[in-house]
Amino acid sequence: GADLEGLHCHHPFVARDSLIIMGDFVSIETGTGCVHTAPGHGADDYIAGLRYGLEAYAPVDDKGRFTDEVPEYAGRFVFDTDQDIVEMLDRKGALLARRDMHHSYPICERCKKPIVFRATSQWFVDMDKTGIRQRALEVIPEVEWIPPRGEQRIMSMVETRPDWCLSRQRLWGVPIIAFYCKKCGEPLLDVDIIYGVADLFEQEGAASWFARPVSELIPKGSSCSACGHDDFDKETDIVDVWFESGVSYAAAMEKRYGPDAVTDLYLEGSDQHRGWFQSSLLESVISRNRAPFASVLTHGFVVDGDGRKISKTLGNFVPPEEIINKYGAEIYRLWVAAENYQEDVRISDEVLKTLVDAYMKIRNTFRFLLGNLNEFDPAVDMVPADQMAPLDRYILHRLNTQVQRISAAYESYRFHEIFQLTTKFFAVELSAFYLDLLKDRLYVLPTFSADRRSARSALYEILSAMVRVLAPVCSFTCEEVWEHMPKGKDDPDSVFLADFPQHLAAQYADDELAESFSRLLEMREMANKEIEQKRRDGTVGHSLDVDLGII
């Protein structure tokens with residue numbers, strides 16, 4: 001191949017010589033030989049052409065038709081001329097052989113037709129000469145990325161991304177505000193003109209660019225800085241829609257909160273490290289020299305029970321209203337909170353049925369608490385912590401621990417942990433332990449006995465705390481519970497206006513008591529194993545038939 005480099009060939013039907021160049025993007029594994037190169041119609045060819053000084057020749061218009069530069073086929077769609085070109089080459093004696101073959105070629109996702117590549121004049125942001133890439137890489141670590149692997153993902157994408165092409169050739173969209181001298185083609189770019197057009201857009205919308213003539217868009221007396229001519233054409237390209245999304249923070253936040261506003265959280269799918277997150281970051285670095293967000297959260301995608309993506313084409317898409325009609329909106333909300341959104345999220349009847357059981361445990365626990373707090377008045381009946389029974393103080397110590405963990409999970413957006421902590425607390429520490437032990441005190445002791453008041457005070461603290469921390473997840477249930485539960489004089493009318501419980505640590509945290517109960521619970525577990533064995537042997541029928549003694 002190197003022996004041929006630099007030689008010239010005669011083009012078979014265009015009056016010019018063709019330079020033979022070396023293309024390093026073709027390896028011996030993918031093929032060898034002499035092929036045509038078209039710097040105006042392919043990225044690899046374009047880059048190779050730059051090295052050899054070749055013209056980016058692209059005689060194709062916006063509709064995929066040959067231009068007048070190819071008079072034999074001018075005005076015809078390029079793919080429609082294939083047969084004619086083959087026959088013409090044959091007539092000229094320039095065709096050695098012809099064969100039809102199938103090969104990989106990019107097609108449009110919408111119309112499923114082959115794509116025509118061509119080189120055109122575009123507007124770019126240079127990533128390196130302006131220092132934008134380096135500055136973006138500096139601010140990325142200043143942002144909190146949730147999950148943390150998002151930082152490395154966007155870092156690697158910014159490190160390797162090409163210059164940002166800002167222009168698109170579309171018949172709709174927000175236009176690029178630029179004018180071109182009709183005489184020499186030099187662009188007219190003026191800040192005052194751009195702001196003037198922007199003011200017009202704010203009054204009439206971007207369509208005014210297409211509706212109004214140039215004379216109504218630029219001030220009278222404007223002239224070309226290169227040749228002095230005063231007649232201009234409008235730019236017909238629109239702004240890249242990613243640039244539009246990238247400036248959304250300025251429109252949504254800065255107009256409301258001022259120019260220094262930084263968005264607390266950006267939330268989108270993991271594919272947006274390449275899209276919205278990156279366009280927002282780059283635009284803000286360009287115009288504000290900082291990131292537009294304090295933190296960025298990414299989530300996976302919804303898949304069915306078999307792990308396949310949800311798709312209408314696959315027929316595994318279920319409209320949300322069907323799920324709500326079948327299971328209720330509360331189960332749907334619980335599913336969103338229960339799944340680890342940092343990975344792909346599964347949804348199926350089996351998944352939802354499992355959540356129905358978990359929800360019923362939450363709801364029934366709330367019902368038990370409400371039932372046993374009938375006519376309880378916190379202002380009158382509440383027992384101070386130092387007068388409570390040890391078991392009640394212990395469960396409130398455990399409540400404080402769970403609320404702190406749940407609050408931390410909210411702060412770090414680990415919603416599935418909130419679901420796990422809640423269901424475990426309700427099922428294990430309340431239903432299977434505390435509430436089970438409490439029934440004798442609640443059902444047998446006199447209404448105003450000290451031990452019963454202590455128990456009901458603990459139940460009130462549990463209910464008041466858990467209904468608040470679960471409100472963002474089980475919204476309808478918690479509002480319903482709030483409506484029927486006893487409340488203090490300062491409690492608001494809605495659970496969504498209530499603060500998270502802040503007083504538990506100061507009143508009920510007791511590590512020494514917790515250590516004592518830890519040892520006691522170990523003994524209880526050993527005793528239960530022995531009782532269960534005697535129950536299987538038929539020695540006893542119920543655990544209440546057993547007396548425990550120390551040997």
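Residues numbered from 1 in each chain as written. Predicted model: local features only at pLDDT ≥ 70, side-chain atom pairs only at ≥ 80, totals over all residues. Heavy atoms only, no water.

A. Main features of the overall build of the protein chain. On a plain count of helices and strands, the protein chain comes out with 19 helices and 14 strands. Its C-alpha radius of gyration of 36 Å places the protein chain more than 25% over the 24 Å reference for a compact globule of 551 residues. Projected onto the principal axes, the alpha-carbon positions of the protein chain cover approximately 110 × 65 × 45 Å. Taken across its 551 residues, the protein chain has 37% of its residues classed as buried. Taking the contacts inside the protein chain whose residues are at least 6 apart along the sequence as the reference set, 66% of them involve residues at least 24 apart. Within the structure as shown, the protein chain displays about 33,500 Å² of accessible surface, and the carbon and sulfur contribution to it stands at 53%. (Helix = DSSP H or I, 4+ residues; strand = E, 2+ residues; numbered from the N terminus. Rg over C-alpha atoms; globule rule 2.2 N^0.38 Å. Buried < 20%, exposed > 50% of the residue type's maximum accessible area, 1.4 Å probe, protein only. Contact = heavy atoms within 4.5 Å. Areas by Shrake-Rupley, 256 points an atom, 1.4 Å probe, with all protein chains shown as cover.)

B. Region of the structure containing helix α12 (residues 349–371). Given a rise of 1.5 Å per residue, 23 residues ought to cover 33 Å, and the 32 Å separating the end C-alpha atoms of α12 matches this to within 8%. Those residues of α12 not exposed but buried are Leu352, Leu355, Ala358, Tyr359, Ile362, Thr365, Phe366, Phe368 and Leu369. Against α10 (320–327), α11 (329–338), α15 (415–444), α16 (450–470) and α17 (475–484) lie the buried residues of α12. (Expected span 1.5 Å × (residues − 1).)

C. A look at helix α14 (residues 390–411). Between its terminal C-alpha atoms α14 stretches 32 Å, which fits the 32 Å expected from 22 residues at 1.5 Å a residue. Two residues or fewer after α14 comes Tyr413, characterised by a positive phi angle close to 65°.

D. Broad picture of the packing of aromatic side chains. According to the stated counting rule, one finds 18 aromatic pairs in the structure shown. Judged by centre distance (4.4 Å) and plane angle (25°), the rings of Tyr266 and Trp276 are stacked. With a gap of 10 residues between them, Tyr266 in strand β11 (residues 263–269) and Trp276 in helix α9 (residues 276–288) connect regions that are remote in the sequence. Looking at Tyr266, the relative accessible area reads 3%, which means it is buried. With centroids separated by 4.8 Å and ring planes inclined at 70°, the aromatic side chains of Tyr266 and Phe293 adopt a geometry described as edge-to-face. With Tyr266 in strand β11 and Phe293 in strand β12 (residues 293–299), the pair connects residues that are 27 residues apart, well separated along the chain. Of the two residues examined, Tyr266 and Phe293, each falls in the buried class. Three or more aromatic residues link up through ring pairs in this structure, and these residues are Trp145, Tyr266, Trp276, Phe277 and Phe293. When the ring centre of Tyr57 is taken as reference, the NZ or CZ atom of Arg16 above it lies at 5.8 Å. (Phe/Tyr/Trp six-rings, centres within 6.5 Å; stacked < 30°, edge-to-face > 60°. Lys NZ or Arg CZ within 6 Å of the ring centre and 35° of its normal.)

E. A look at the nonpolar core. Phe366, Leu399, Tyr434, Ile462 and Met466 are the most contacted members of the largest nonpolar core, which has 68 residues in total. For Ile462, the residues in contact, after removing those within four places along its chain, are Leu369, Ile395, Leu396, Leu399, Phe425, Leu430 and Tyr434. If you look at the next biggest cluster of nonpolar residues, it comprises 24 residues, including Val125, Val143, Trp145 and Tyr249. (Core = buried A, V, L, I, M, F, W, Y, C linked by side-chain atoms within 4.5 Å.)

F. Seen up close, the pairing of β12. Across the seven residues that make up β12, a large majority, five, are buried. Here three bridges tie strand β4 (residues 144–146) to β12, and the two strands are oriented parallel to one another. Within β12, the residue paired with Glu144 across the bridge is Ser295. One ladder, built from six bridges, connects β11 with β12; its direction is parallel. Residue pairing in the sheet places Thr263 in a bridge with Phe293 of β12. Handedness of the β-α-β unit built from β11, α9 and β12 comes out right-handed. (Pairing = 2+ DSSP bridges. Right-handed = clockwise from strand over helix to strand, strands pointing away.)

G. Region of interest: the state of the cysteines. Inspection of every chain in the model, using the stated rule, returns zero disulfides. In this structure Cys108 is a free cysteine whose sulfur lies 3.7 Å from that of Cys111, the closest cysteine sulfur available. Assessed through its relative accessible area of 26%, Cys108 is described here as partly exposed. In this structure Cys181 is a free cysteine whose sulfur lies 3.5 Å from that of Cys227, the closest cysteine sulfur available. Assessed through its relative accessible area of 3%, Cys181 is described here as buried. (Disulfide = S-S within 2.5 Å.)

H. Spotlight on the packing of helix α3 (residues 132–139) against α9. Running from amino to carboxyl end, α3 crosses α9 at an angle of 110°, the nearest separation of the two axes being 10 Å. What the angle tells us is that α3 and α9 run roughly perpendicular. Between α3 and α9 the crossing geometry is right-handed. Residues Ile132, Arg135, Ala136 and Val139 of α3 touch α9, and the partners they reach there are Leu281, Leu282, Val285 and Ile286. In terms of residue class, the contact of α3 with α9 is made up of seven nonpolar, no polar and one charged. (Axes fitted to C-alpha atoms, helices over the stretch in contact; angles between N-to-C directions. Parallel < 35°, antiparallel > 145°, perpendicular 65-115°, else oblique. Left-handed = near helix turned anticlockwise from the far one by under 90°. Nonpolar A, V, L, I, M, F, W, Y, C, P; charged D, E, K, R; others polar.)

I. Local environment of the sheet that holds β11. The strand order across the open sheet built from three strands is β4-β12-β11, with neighbouring strands paired in parallel fashion. The sheet is open, and its two borders are formed by β4 and β11, each paired with just one other strand. Here the average twist between neighbouring strands, direction ignored, is 15°.

J. Structural view of unusual backbone geometry. Omega for the peptide link from Ile146 to Pro147 comes to -5°, which places this bond in the cis form. Residue placement: Pro147 occurs in the loop between β4 and α4 (149–160). Of note in this structure, Tyr413 is not a glycine but carries a positive phi near 65°. Examined against the element boundaries, Tyr413 turns out to sit in the loop between α14 and α15. Overall, Tyr413 belongs to the partly exposed group, its relative accessible area being 22%.

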